[in-house]
Amino acid sequence: MNLLSDLNSQQQQAVSADPGAVLVLAGPGSGKTRVLTYRIGHLIVDRGLDPGSILALTFTNKAAREMRNRVSSLLKEHSIPSGDRYVTLGTFHSVAARILRREAEALPVTRDFAIFDQSDQQSLVRQIMKVFKIDTKQYHPVSIHNAISSAKNEMVSADAYQAHSYFEEVVRRVYPEYERLLRVNNALDFDDLLVMLASLLRREPLVTAHYRRNYQHILVDEFQDTNMVQYQLLRLLAGESPDLFVVGDPDQSIYRWRGADHRNVERFRKDYPDAKTYLLEQNYRSTQIILDCAMGVIDRQRGRQRKQLFTERQGGDPVVLHEAYDEADEAFFVVDTITELQDKGQVSPGDCAVMYRTNAQSRVIEEAFIRSNIPYRLVGAQRFYGRREVKDLIAYLRVIYNPKDQISLERIINTPTRGIGAKSQQAFFEIAKQGKIAPGEALVQLAQDSQSPLHAVLSPRVDTLLTDFGALLADWISMREYPVHLLMNRVIANTGYQSYIDDGTEEGIGRWENIQELLSLAEEYEGLTLQEFLEHVALISDQDTLTDSQNAPTLLTLHAAKGLEFPVVFIIGLDENILPHQRSMDDPEEMAEERRLLYVGITRAMDCLFLCRAFRRRVYGSSSYCDPSRFVRDLPQQHVQGMVPGGGMPTPVSYQQQTSWNTPAPVREIEFPPGSRVRHKTFGEGMVLESRITSGDEEVTVEFADVGLKRLIASLAGLEKLND
DNA sequence: GCATCGGATTTTTTT
DNA sequence: AATCCGATGC
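Residues numbered from 1 in each chain as written. Chains lettered and ligands numbered in written order. Predicted model: local features only at pLDDT ≥ 70, side-chain atom pairs only at ≥ 80, totals over all residues. Heavy atoms only, no water.

A. A look at the protein's contact with DNA strand C. Taken together, the neighbourhood of DNA strand C is formed by R126, K130, R363 and Y620. Across the surface near DNA strand C, the residue classes tally to one nonpolar, no polar and three charged. (Near = heavy atom within 4 Å. Nonpolar A, V, L, I, M, F, W, Y, C, P; charged D, E, K, R; others polar.)

The structure is reproduced here in structure tokens:
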């Protein structure tokens, strides 16, 4: 049986492309994952390649898992025996971690390095700022850390970092210390996993040669979300004459804030001039009406390669726009509509999804579901792994695995409280530092060596306390090889953790339930070593927490929705300052990303799409009115039902006059409508993407051929209108 | 060393 | 409104 016969002709061409640099631009729902898995299948089945020579990279564990399953069933179908060597398939971060552990000798950390998650990274920064006496109110540790992270993603080392502002001067001071302390903790942060590997490959030609030989065929999912380091990593691994198959959709690039650079698509074309490009435009997911709405939103975007999405599912239900009174009313509409659709019998609860811009928006929706007694599932790793009690237990495990991890040790050394307060801790850490020994290791030494000089320098009380705790730690360390859940149980028992968190209140019981969930999770991953378990926990993504076990509506952010599909989709909060988010208002690039975000949301819908907004909304406590999102104006009117842009439709009288989906009548006429060509004295020629009347003047956003996006005031800029 | 109180702050999105 | 941080008092 021919493997290609399952595919449409565009897909076939991509899948069977000759080895080399291949770029597949895949519209939403066009069978992107299918093409990737079939490509792997094609390489093995039709071209007889060794599965072990194939490396496939994704962004989430979930995507990796899915692809692995699909590849293995594909191979089974074509009766390819699973040999000794498998396809290497994982996220950028997990594959990098695996390689780094193998190559640890060439690194400033040992192979047991810990992976610091975001909150560890932030507490490290906070600590440094405290030591340096930098006001954490004036400079948010979070923003300092973000600056460090973006520098790392652009591969600017601490030494090379240049400050151009006072803020950056602060960053410049913190950055080297941050790096130093990571090493002291024998830890890497997320960025390090990629940066260290890239610099290792650059430094060690032999190592690079080894991995190039090993992974001769590389495939990348969601290529538009790669950042600078990831791109460099690909180039390093791929080598001179690469077989590099990348799949992506620049229209779905929504991780700019995390360093993703959709221009990597352009870079790829430039770096591999012989690259073949394939377009996948047939959509197998949505109705034509939904696609038309999606295209209406995205076609306003700057100089992109336009894809003409089409589907065999002509027509479809109109898209419903709903204007609620406030967020509670909006939530009510969602829950009510879901109930109604269910009662009609065509929709099962699990078919529905509610998407929003910010996590904060989920609460109101959750409350509405709870009040109506409808179960729901909420996507978000933070929800579980961010819980204090979960983090505590993970911190115990991390110290057991890597006693050098001081950040985790600080978290648990007095949790539950065992009389080792801040002062004692400080003294102890100082002593350990003088003795040039990691505090975690010092604890073990205290317990195991009664002659240790450390005993003498500690006050008798603190000495006893620390020695006792060290004995516990030493005991746990001896159990490192035990199944993780047994070790965890031991820690809980030894520390009296249950009585510490479960105080009998509802909250306490909830916390204990979280611990039990963590325990059963550990049991589920029975085969994993402690190292693997910790790595899994560190590199987990929000999407990974999504299980299809229960048939209930799904609540998730638009970001988390990428790559998923649902028969019925609600997108809530289509208001100015929410979507687009307030933070994106003064940067055209960010505004463009908001637009793509909505595009991603719309294209998740298979059959029905509901777009909601609220007339007034609560922001940080106080309530205020809000305007409809500008993106609503770009929906094709003939496909939209409800409060139609440009047509006054049934709006409750009480607030009809004050709001509408319409653009308010401009004081001044728009002179440069979106789409028109203009010339600017210094910027040259460009196309107007957006035009708004603000305080009597016209504010236009123009994509210039030479200089990119600019935002201008028409009367000041002296724009000249060109005829096409 | 711990609890409590008051105050400020709230950067969407996450590997 | 809620949460998180830090300072204060016991």
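Picking up after the structure, the text goes on.
B. Layout of the sheet that holds strand β12 (residues 554-557). Read from one edge of the open sheet, seven strands run β11-β12-β10-β13-β14-β9-β17, paired in parallel fashion. Only two strands of the sheet have a single partner each, and these edge strands are β11 (377-378) and β17 (640-642). As defined by bridge partners, strand β13 (residues 566-571) adjoins strand β14 (residues 605-614) across five bridges and the pair is classed as parallel. By the bridge assignment, V569 is partnered in β14 with L609. Taken strand by strand, helix α13 (residues 327-344) contacts β9 (319-324), β10 (352-356), β13 and β14, and its axis lies near 155 degrees from that of β14. Helix α14 (residues 362-371) rests against β10, β11 and β12 of the sheet, and its axis sits at about 175 degrees to β12. (Pairing = 2+ DSSP bridges. Helix = DSSP H or I, 4+ residues; strand = E, 2+ residues; numbered from the N terminus. Contact = heavy atoms within 4.5 Å. Axes fitted to C-alpha atoms, helices over the stretch in contact; angles between N-to-C directions.)

C. The arrangement of the environment of H217 in detail. You can see H217 is positioned in strand β6 (residues 217-220). Judged by relative accessible area, which is 10%, H217 ranks as buried. Here the alpha-carbon distance between H217 and P242, two residues 25 residues apart in the chain, equals 7.4 Å. Aside from chain neighbours lying at most four places away, what touches H217 is L43, L49, S53, I54, L55 and D243. In this structure the side chain of H217 is engaged in a polar contact, spanning 2.8 Å, whose partner is the side chain of D243. (Buried < 20%, exposed > 50% of the residue type's maximum accessible area, 1.4 Å probe, protein only. Polar contact = N/O pair within 3.5 Å; in protein donor to acceptor, adjacent residues only side chain to side chain.)

D. A look at the packing of helix α22 (residues 484-495) against helix α24 (residues 506-524). Direction vectors running N to C along α22 and α24 enclose 150 degrees, while the axes themselves pass 7 Å from each other. In terms of orientation, α22 lies roughly antiparallel with respect to α24. Along its contact with α22, which presents V484, H485, M488, N489 and I492, the element α24 presents W512, I515, L518, L519, A522 and E523. Of the residues belonging to the contact of α22 with α24, the class tally is eight nonpolar, two polar and one charged. (Parallel < 35°, antiparallel > 145°, perpendicular 65-115°, else oblique.)

E. Representation of the state of the cysteines within the structure. By the definition in use, this model includes zero disulfides. Lacking any disulfide linkage, C293 is separated from the closest cysteine sulfur, that of C608, by 12 Å. A disulfide-free cysteine, C352 has its sulfur positioned 8.6 Å from the sulfur of C608, the nearest such atom. (Disulfide = S-S within 2.5 Å.)

F. Broad picture of the environment of L519. Mapped onto the fold, L519 is located in helix α24. Sequence spacing of L519 and N264 is 255 residues, and the spatial spacing of their C-alpha atoms is 41 Å. L519 has contacts with H485, M488, N489 and I492, leaving out every residue within four places of it along the chain.

G. Structural view of the pattern of salt bridges. Counted by the stated rule, this structure contains 41 salt bridges. Note that K62 and E66 form a salt bridge whose closest N and O atoms lie 3.5 Å from each other. Highlighted residues: K62 and E66, both in helix α3 (residues 61-77), separated by four residues, approximately one helical turn. According to the relative accessible area criterion, K62 is buried, its value standing at 12%. (Salt bridge = Lys/Arg side-chain N within 4 Å of Asp/Glu carboxyl O.)

All quantities given are derived from atomic positions and should not be read as evidence of function.
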